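Notes for the structure review
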Amino acid sequence: MVSFCVFMLPIIWWLELRNIKVALRVGSFLAAAAALAKCIVRPNMLPLHLVAQFLSSMSNNFVFMK
């Protein structure tokens, strides 16, 4: 939720420069990367899990801003 509030305006600005297809591709790539990172997380790999959660929240920003 915090990343949505923080990155909302920069992503809206980025969408003005690019088109919606590029934004959806970036969002889907980030979602796939987050899912892949979540699949390889072990109990002792908390930083990787946090990075995966951040990627997932960033992908939501790109998808919701369409």
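The notes below deal with the structure included here. (Residues numbered from 1 in each chain as written. Predicted model: local features only at pLDDT ≥ 70, side-chain atom pairs only at ≥ 80, totals over all residues. Heavy atoms only, no water.)

Attention now goes to the packing of aromatic side chains. By the definition in use, this model includes 2 aromatic pairs. Relative to Phe 54, the ring of Phe 7 has its centre 5.9 Å away and its plane inclined at 70 degrees; by these criteria the two rings are edge-to-face. Of this pair, Phe 7 sits in helix α1 (residues 2-17) while Phe 54 sits in helix α3 (residues 46-64), placing them 47 residues apart in sequence. Relative to Phe 62, the ring of Trp 14 has its centre 5.4 Å away and its plane inclined at 85 degrees; by these criteria the two rings are edge-to-face. (Phe/Tyr/Trp six-rings, centres within 6.5 Å; stacked < 30°, edge-to-face > 60°. Helix = DSSP H or I, 4+ residues; strand = E, 2+ residues; numbered from the N terminus.)

What follows covers the packing of α1 against α3. The contact between α1 and α3 brings their axes to 10 Å, and the two run at 45 degrees. As summarised for this structure, α1 and α3 are arranged oblique, according to the angle between their axes. When you trace α1 past α3, the crossing you get is right-handed. In contact with Ser 3, Phe 4, Phe 7, Ile 11 and Trp 14 of α1, α3 contributes Phe 54, Ser 57, Met 58, Asn 61, Phe 62 and Phe 64. Partitioning the contact of α1 with α3 into residue classes produces 8 nonpolar, 3 polar and no charged. (Axes fitted to C-alpha atoms, helices over the stretch in contact; angles between N-to-C directions. Parallel < 35°, antiparallel > 145°, perpendicular 65-115°, else oblique. Left-handed = near helix turned anticlockwise from the far one by under 90°. Contact = heavy atoms within 4.5 Å. Nonpolar A, V, L, I, M, F, W, Y, C, P; charged D, E, K, R; others polar.)

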